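Coordinate inspection notes
Read off the chains here:
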Amino acid sequence: MNIIIFGAGRVGESVAESLVSEQNDITVIDQDPARVRALEERLDLRGVVGNGIQPSVLAEAGAKDADMLIACAALDESNLVVCKIAHDVFQVPTTIARLRSPEFEEGSDLLGKSGFAVDHVICPEESVTRYIHQLIDYPEALQVLQFADGRASLIAVRATAGSALVGHTIGEFRALFPYAEMRVVALYRLDAEMDPEPHTRILPDDEVFILAAGDKIRLVLQALHTRDKPVQRLMIAGGGKVGLRLARSLVGQCQVKIIEANAQRCEYLASQLPSSTLVLHGDCTDEALLEDENVADMDLFLALTSDDEDNIMAAMLAKRLGARRVLALINRRAYAEMLQGSTIDIAVSPAQTVIGELLAHVRRGEVVAVHSLRRGAAEALEGVARGDARTSRLVGRRVEEIRLPPGVRLGAIVRGKGDEAQVLMPHHDTVVQTGDHLIIFIPNKRLVREVEKLFQVSATFFG
């Protein structure tokens, strides 16, 4: 696809990095020449320096031939205007805007073709908040991702000694734990990928990715991880957009403390949050402050400032002082990779949490959901099988007959709609039916195109 990305900030850079790796033709527009030049040197893309809301700059970027425009500049106003111009002047078929304000809702008349012509809205802050809520609801998990409207879930969990399935082979799971059918789709040991074969034994500290029915998540987590007590006390370092949004959403659910360095921002936070949320003015890397505020009693410590280094230091300090679990918001990919397996339990990238929403619009064929895993290196994809045995590579075929690329695994099939929907763990003789939702684990993004082709219906495909 020919894709124009307006804005080369943190989100724009991550989006460009992700889409370039999939052989798309990318053009990035930004007013900062140094930022554009750095992206051109690092990635296989074209840069245009200028203000993207000017038609002449969009024309230079190739808007006339573009399939999609992704507007992720810092200001909502700029993103709305560039989508309108791209649609009205250049007839760009698909426009996506990063909008921070919750007042612009996807599908509203204001964003329709007669309004700002925004087809899809992305909001990294909202995506991060949703992501953290899943971790609060399921404290044993490293990641919880939903498919087929929540009917199936992909769970990442760190195996702990003493739990029901740790020390046993994957082939023994069903007999040992008949209460919840599950499928191990990936296994990482000391950051190296292992083949999840029936004879593979799960060891303590293994990072295990499991697909199961959405209503069986808690059972599956407890089978691999000793049960954690619910998250009741929570401390947030950083009262920016993410911190405030999260604190608002947790009112009545958890006891929340926020540490914010800017005194003026503290006053604003106090005016926006109920008295039950304690707002503290101070430095989140101040050891004395954290001790005075009983960080050791916290079930979860969240470092959510806009500074990666502060987040890393604050999270590591909180962990050393006794916080049960710590999470750091990390924008720079190199930092996130370096922190894998460190004292920080979870590193979250705001851009990566929103990449999946974007990728679902970029994918070809009947792909309805995409989730980025392991900092963008791997992916879980949900696609709908269409057609019949004559026109589809999937429909009417047994699982053993489907030619999946090396390392790619079919994790689950969701069959039926509404309350009648079933989550099936496919076996070699399971036959795929039209309308089935297939959830597939892809260990390497280079294999995405091959997987997409499986979901494309062809009038001339005969097997």
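Because the structure is predicted, anything quoted here is derived from the model rather than measured. The numbers attached to residues start from 1 for each chain and follow its sequence in the written order. Local features in this predicted model are restricted to residues whose pLDDT is 70 or higher, and side-chain atom pairs enter the listing and the counts only when it is 80 or higher, whereas totals over whole chains, interfaces and linings include all residues. Only heavy atoms go into the side-chain values, all of them from the structure, while hydrogens and water stay out.

Take the overall build of the chain next. Only DSSP runs of H or I with at least four residues qualify as helices, and only runs of E with at least two residues qualify as strands; both kinds are numbered from the N terminus onward. Within the chain, the regular secondary structure consists of 14 helices and 22 strands. When we talk radius of gyration, it's over C-alpha atoms, and the globule rule is simply 2.2 Å times the number of residues to the 0.38. At 23 Å, the chain has a C-alpha radius of gyration in line with the 23 Å of a compact globule built from 463 residues. In terms of overall dimensions, the chain has a C-alpha envelope of 65 × 65 × 40 Å along the principal axes. Buried means the residue's accessible area, taken with a 1.4 Å probe over protein chains only, is under 20% of the maximum for its type, while exposed means over 50%, and partly exposed covers the values in between. Looking at the chain as a whole, 54% of its 463 residues are labelled buried. Contacts are assigned to residue pairs that have any heavy atoms within 4.5 Å of one another. When contacts within the chain are restricted to residue pairs at least 6 apart in sequence, those whose partners lie at least 24 apart make up 63%. We get accessible surface area from the Shrake-Rupley algorithm with a probe of 1.4 Å; when it comes to residues, only the shown protein chains can shield them. About 20,300 Å² of surface is accessible on the chain, with carbon and sulfur atoms providing 48% of the total.

Glancing now at the packing of helix α1 (residues 10–20) against helix α13 (residues 350–362). Where α1 meets α13, the closest approach of the two axes is 10 Å, and the angle between their N-to-C directions is 50°. Between α1 and α13, the crossing angle belongs to the class labelled oblique. In the packing of α1 onto α13, the handedness of the crossing is right-handed. Each of Arg10, Val11, Ser14, Val15, Ser18 and Leu19 in α1 lies in contact with α13, whose residues at this interface are Ala351, Ile355, Leu358, Leu359 and Val362. Axis lines are fitted through C-alpha atoms, for helices just across the contact stretch, and the angle between N-to-C directions can take any value from 0 to 180 degrees. The labels follow the angle: roughly parallel below 35 degrees, roughly antiparallel above 145, roughly perpendicular from 65 to 115, and oblique for the rest. For a crossing to be left-handed, the near helix must be turned anticlockwise from the far one by less than a right angle; the clockwise case is right-handed.

Attention now goes to the pattern of salt bridges. Salt bridge, as used here, is a side-chain nitrogen of Lys or Arg placed within 4 Å of a carboxyl oxygen of Asp or Glu. Within this structure, the stated rule accounts for 25 salt bridges. Where Arg151 meets Asp149, a salt bridge forms, and the shortest distance between an N and an O atom there is 3.6 Å. Given the relative accessible area of 29%, Arg151 is considered partly exposed. On the basis of relative accessible area, Asp149 is assigned to the exposed category, the value being 76%. Salt-bridge contacts for Arg449 lead to Glu452; the nearest nitrogen and oxygen are separated by 2.7 Å. Linking Arg449 with Glu452, this pair stays in helix α14 (residues 448–454), spanning three residues, or about one helical turn.

Here Asp436 shows up in the loop between β21 (422–424) and β22 (437–442). Here Arg415 takes part through its side chain, which lies 2.7 Å from a polar atom of the side chain of Asp436. Contact partners of Asp436, with chain neighbours within four places excluded, come to Gly383, Val384, Ala385, Ile413, Val414, Arg415 and Val431. N or O atoms within 3.5 Å of each other form a polar contact, as long as, within protein, one can give a hydrogen and the other can take it, and as long as residues adjacent in sequence are counted only when both atoms are side-chain atoms.

On to the environment of Val49, then. Here Val49 lies in strand β3 (residues 46–49). Put simply, Val49 and Glu260 are 211 residues apart on the chain and 36 Å apart in space, counted from C-alpha to C-alpha. Among residues more than four places away in sequence, those in contact with Val49 are Asp30, Gln31, Pro33 and Val36.

Moving on to the pairing of strand β9 (residues 182–189). Burial runs high along β9: six of the eight residues are buried. For two strands to be treated as a pair, DSSP must find no fewer than two bridges joining them. The pairing of β9 with strand β10 (residues 192–194) spans three bridges and is antiparallel. Following the sheet pairing, Arg189 is matched in β10 by Ala192. Between β9 and the antiparallel strand that follows it, β10, lie two residues; Leu190 among them carries a positive phi value of about 55°.

Further remarks concern a negative patch on the surface. Negative charge collects at one region of the surface, where Asp283, Asp286, Glu291, Asp292, Asp307, Glu309 and Asp310 lie side by side. At the level of elements, α10 (287–292) and α11 (308–320) are the ones that each hand at least two residues to the negative patch. Only residues whose relative accessible area exceeds 30% and that form no salt bridge enter a patch; like-charged residues are grouped when within 9 Å of one another, and nonpolar side chains (Val, Leu, Ile, Met, Phe, Trp, Tyr) when within 5 Å. For the purpose of counting charges, residues Lys and Arg are taken to be positive, whereas Asp and Glu are taken to be negative. His and the chain ends are not included. One atom stands in for each charge, and that atom is NZ of Lys, CZ of Arg, CG of Asp or CD of Glu.

Read from one edge of the open sheet, five strands run β18-β19-β22-β20-β21, paired in antiparallel fashion. If you trace the sheet from one side to the other, it starts and ends with β18 (367–373) and β21, each paired once. Here the average twist between neighbouring strands, direction ignored, is 15°. Bridge analysis of strand β20 (residues 409–415) against β22 gives five bridges, and the strand direction is antiparallel. Counted as the bridge partner of Arg409 is Phe441 from β22. Sheet strands in contact with α13 are β18 and β19 (378–384), and its direction is about 155° off that of β18.

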